[in-house]
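Observations on the three-dimensional arrangement
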Amino acid sequence: MRKRRSVLAIALALAAGASLVACGGSGGSGGKQSVTMWIYPVIADDTKHHAFWNDTVKAFQTQNPNIDVKVEIFPWANRDQALATAIAGNKGPDVVYLIPDQLPKYVNNIQPVAQYLDSATKSDYYPNVTKSVTLDGKMLGAPILTSVQALMCDKKVFDAVGQTTYPSTWQDLLAMAPKFKAKGYDVTQYAGDLSNTLNLTFYPLLWQAGGDVFSSDGKSVAFDSDAGRSALDFAKQLVDGGYVDKTMLTAQPPIEQTRVAQNKVACVWNLAPQDVTKFWGAENIKILPPLKDAKQVQYGTVGSLVMLKGAKDKTAAGKWISYATSDTVMKDFDTKSSFFSPRKSTGSLYASDPVLGELEKYVGLTTVGPIQPKARDVMGVLAPEIQAALLGKKSSDQALRAAAKSAQPLLG
Amino acid sequence: MANVSDDWAGSRRGTRRAEPDRPQQRRARRVNWREARSGLLFVLPCFLLFVVFRFGPAIAGGVLAFTDYAIGGEAHWKGLANFRRLVDDPTFWSALRVTVIYTVLAVPLTMAVALGMALLVRRSFRGTKLLRSIFFLPVVTSLVLAGVIFTWVFSANGPWSSLMRLLGLPHGSWIADSRLVIPALVLVSVWSRFGYGMLILLARLQDIPTELEEAALTDGAGPVQRFRHIVLPHLRPALFFVAVIETTVSFQVFDTVYVMTSGGPVRASYTLVFALYDQGFHYFDLGYASAIGLALFVMTLIVALIQRSTLGRQQ
């Protein structure tokens, strides 16, 4: 009996201890508040990225000594799976970096951020930037960067082929393709593997053809249209003519193993200058406006810091978001990551840079893509059909019709 | 008329009642209970882990299949809506077809290779142990690692394509060809799984009394007859076990598909578990993903029962 009592006493003591620990928990020790932020390798160099946030946190803490900020940098791969399972397990961060097409999926978990930003900041964002982070009238994220995917050509390849002009339309690209093929070069690259997002591959062509993924009310898909067929026919012409590397239609090797890295591809629209600089050399990167068909448009994203509803201390998280997206911090972050500012007042960040300065000019020609709750699901049924068409298993019409048939039930 | 069994039961009960508990028996029962209790205590951690990480999630998954739960959202009861969606979903049927084709190819091939290898290393000779270890090595190799290596092996410039070229057969990347991607994945599966089957079959092979085979040999039975009339009947329970395990594993193929093909090209390797993963972790539709999981469970169970009623009927 005595033994049982002593066991009970130990158990009670442990329980009491645990509850005391729990009581002292959430806000951090010594009355300090804490904020955890998850971000991804936006600055590609890991050391520089860590150094940036270490310095930023230090500077923030001089103004807010009672707020501890922990920035965790996760890999891009499988980031949604990691974030979604963390949120489901109540282990999610307080603040996280998201892009517009992720927002509808997390909308139930996001704390609108407008109240934590001052009105001068909010009115300083480009209108399309604000629109891309706003859902049902609520501003879900504080923009920190924008990106541009314009047309990027390898001057070395053009010199080797003896091609002195650069393409500005689909027809230009198709017209010069045989010349490149004859000399053993690809005129472009189409990354058709299913692991790729269509935002960087097929959608830009669809938009350039004057089409869109969804109807304007978002209740039906709109890619099964003349514009859709035109875009897919164009991509098929590139593939069927042998003007692109066909292995890229079904595989996604590291860039080092692609013909882009071997200086065998003339122009691409799915990569950024920082991806190719070490292979092409900065002096050989020629930035051009997006290709034009019916329209001249390209994909560009908006990176924003988003507060999750599970944030332990929303005021502290709000202060951190406001600071991390403030004019000075954001400018520093954007230049270090080679991205662009979402604010009007910033002006040019790269006036003296021939590559990024040129790219910066096309910020206004970008779109963030469909912001629709089922956008990724629809991409999931469209991508294999596009691949089937490019591999010659279906016509453009059959592929788009089949994708539309599979996509429609997803939209209810 | 009281029948014999009633009499027997009655007499048993009567005897039991009439028999007084002796202190020795009571002590023995106490010892038995103590042993049983300590046994249960040893099993308890494993049992708890099983309940928390296997049984609990399985039950939760079964319940979620009837809801519209999406990560971070609320779960609403939807009855059979997810199953009706399954029936109308061409992607589900395509994934089921791919999974069945994969299983039909992978299971017999894996079992045949496992049996062949088990027969090969059945007798002791110089280097048998090393050979057995080498054959078993793929089982303990990470499938992700294997997937990365086989992606290269089956690539257009990989050794498999070179071998095909040497043999005058169609070459190129098998994983980029929608007709060859499943055979490529099946070969990876055979490579990674045959060692496990081999181990089970080998254990059973070594239990076959040598006198039986010696007697058959004396009677003039050839190797095929000995295999058919002595080895195979003895192996039946082990073969049944391997068949059930391999079928279950094949129905659940995911890792190699994820690493090597992402379900492509053109959904030619888009299996049921890959569909489940896509729905759950790409589209966050856990209700629908759970419905796929439940359908997969039912199908695997039915196949295992059919196997039991055919292969395992003599056990």
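Residues numbered from 1 in each chain as written. Chains lettered and ligands numbered in written order. Predicted model: local features only at pLDDT ≥ 70, side-chain atom pairs only at ≥ 80, totals over all residues. Heavy atoms only, no water.

Where an unreviewed UniProt entry is consulted, chain B appears under the name Sugar ABC transporter permease, with the organism given as Rugosimonospora africana. Turning to chain B, the UniProt annotation filed under Sequence similarities (unreviewed entry) states: "Belongs to the binding-protein-dependent transport system permease family." Within the UniProt record for chain B, the comment given under Subcellular location (unreviewed entry) is "Cell membrane". (UniProt positions renumbered as here; feature names shortened; annotations may be inferred.)

Under an unreviewed UniProt entry, the name given to chain A is Sugar ABC transporter substrate-binding protein, and the organism recorded is Rugosimonospora africana. Under the Sequence similarities (unreviewed entry) heading, UniProt states for chain A: "Belongs to the bacterial solute-binding protein 1 family."

As a further point, take the state of the cysteines. In a disulfide, the sulfur atoms of two cysteines are held together by a covalent bond. Residues and elements named next belong to chain A. Per the counting criterion, the structure on display carries one disulfide over all chains. There is a disulfide in this structure between C153 and C267, and the S-S distance comes to 2.1 Å. Around the S-S axis, the bridge from C153 to C267 shows a dihedral of about 105° and counts as right-handed. Of this pair, C153 sits in strand 8 (residues 151–154) while C267 is found in strand 9 (residues 267–268), placing the two residues 114 residues apart along the sequence. (Disulfide = S-S within 2.5 Å. Helix = DSSP H or I, 4+ residues; strand = E, 2+ residues; numbered from the N terminus.)

The next point concerns a nonpolar patch on the surface. Residues and elements named next belong to chain B. Where nonpolar side chains cluster on the molecular surface, the patch consists of L41, F42, V43, L44, F47 and L48 and spans about 650 Å² of accessible area. Tracing the backbone shows L44 in helix 2 (residues 23–64). The partly exposed category is assigned to L44, whose relative accessible area is 38%. (Patch = residues over 30% accessible without salt bridge, like charges linked within 9 Å, V, L, I, M, F, W, Y side chains within 5 Å. Areas by Shrake-Rupley, 256 points an atom, 1.4 Å probe, with all protein chains shown as cover. Salt bridge = Lys/Arg side-chain N within 4 Å of Asp/Glu carboxyl O. Buried < 20%, exposed > 50% of the residue type's maximum accessible area, 1.4 Å probe, protein only.)

As recorded in UniProt, the feature "transmembrane region" (unreviewed entry) lies at residues 39–60, 100–121, 133–154, 180–202, 238–261 and 281–306 of chain B. As annotated, residues 39–60 of chain B has a helix share of 100% and a strand share of 0%, and its two end C-alpha atoms lie 29 Å apart.

What follows concerns the side chain of A:K105. All names here are of chain A. Following the sequence through the fold, K105 ends up in helix 4 (residues 103–106). On the accessibility criterion, K105 (16% relative accessible area) is buried. Within the structure, the side chain of K105 is placed 3.5 Å from the backbone oxygen of P373, a separation counted as a polar contact. (Polar contact = N/O pair within 3.5 Å; in protein donor to acceptor, adjacent residues only side chain to side chain.)

Moving on, we get to the pattern of salt bridges. Residue and element names in this part refer to chain A. Under the definition given, this model contains 23 salt bridges over all chains. For D124, the salt bridge is made with R343, and the minimal N-O distance between the two is 3.6 Å. Of the two residues, D124 sits in helix 5 (residues 119–124) while R343 sits in the loop between helix 13 (327–337) and helix 14 (356–360), which places them 219 residues apart along the sequence. For the salt bridge of D226 with R229, the shortest nitrogen-to-oxygen distance reads 3.4 Å. Here D226 and its partner R229 are both found in helix 10 (residues 226–240), three residues apart, which amounts to about one turn of the helix. With a relative accessible area of 63%, D226 lands in the exposed category. One salt-bridge network, in which partners are shared between bridges, spans D224, D226, R229, D397 and R401.

We now examine the domain arrangement of chain A. When the parts of a complex come together, some accessible area is lost, and that lost area is often used as the size of the interface. Residue and element names in this part refer to chain A. Looking at the assigned domains, one finds that chain A contains domain 1 (31–148 + 301–367) and domain 2 (151–299 + 374–411). Each of domain 1 and domain 2 has a C-alpha centre, and these two points are 29 Å apart. Between domain 1 and domain 2, the contact holds 18 residues from the first and 16 residues from the second. For the pair domain 1 and domain 2, the two sides together bury roughly 1,500 Å², of which 57% comes from carbon and sulfur. Broken down residue by residue, the surface that domain 1 buries against domain 2 is led by V355, L365 and T367, which jointly contribute 37%. For the interface between domain 1 and domain 2, the tally reads three salt bridges. One salt bridge in this structure joins R376 and D101, with 3.1 Å as the shortest N-O distance. Contributions of two or more residues to the side of domain 1 that touches domain 2 are made by helix 14 and strand 13 (366–367). It is helix 14 that contributes the most residues to the side of domain 1 that touches domain 2, three residues altogether. (Domains from an automatic or database assignment. Contact = heavy atoms within 4.5 Å. Buried area = accessible area lost by both parts, 1.4 Å probe.)

What follows deals with helix 2 (residues 46–63) of chain A. All names here are of chain A. Under the 1.5 Å per step criterion, the end-to-end length of helix 2 is 26 Å for 18 residues, consistent within 8% with the ideal 26 Å. Listed in full, the buried residues belonging to helix 2 are H49, F52, W53, T56, V57 and F60. Buried residues in helix 2, looked at end-on, bunch into an arc of 125°, giving them a common side. Residues of helix 2 that are exposed and angled more than 90 degrees away from the buried face: T47, K48, K58 and T62. Of the residues flanking the start of helix 2, the one acting as N-cap is D45, its side-chain oxygen 3.0 Å from the backbone nitrogen of T47. (Expected span 1.5 Å × (residues − 1). Arc of directions from axis to C-beta.)

Attention now goes to the UniProt feature "domain: ABC transmembrane type-1" (unreviewed entry) in chain B. When the UniProt feature table is mapped to this numbering, "domain: ABC transmembrane type-1" (unreviewed entry) covers residues 96–307 of chain B. The span residues 96–307 of chain B carries 73% helix and 0% strand; its end-to-end C-alpha distance comes to 19 Å.

All right, on to the sheet that holds strand 10 (residues 285–288) of chain A then. Residues and elements named next belong to chain A. As summarised here, the arrangement of the three strands in space is 9-8-10, forming an open sheet in which the pairing is antiparallel. The sheet is open, and its two edges are formed by strand 9 and strand 10, each paired on a single side. Judged from the four bridges that link them, strand 8 and strand 10 form a sheet pairing that is antiparallel. Within strand 10, the residue paired with L151 across the bridge is L288. (Pairing = 2+ DSSP bridges.)

Turning our attention to the packing of aromatic side chains. Residues and elements named next belong to chain A. Going through the model one piece at a time under the given rule, you end up with 32 aromatic pairs over all chains. Here W170 and F234 contribute two aromatic rings whose centre-to-centre distance is 4.4 Å and whose plane-to-plane angle is 10°, an arrangement assigned as stacked. Of this pair, W170 sits in helix 8 (residues 170–182) while F234 sits in helix 10, and the two are 64 residues apart along the sequence. Comparing W170 with F234, the two get one shared label, buried. (Phe/Tyr/Trp six-rings, centres within 6.5 Å; stacked < 30°, edge-to-face > 60°.)

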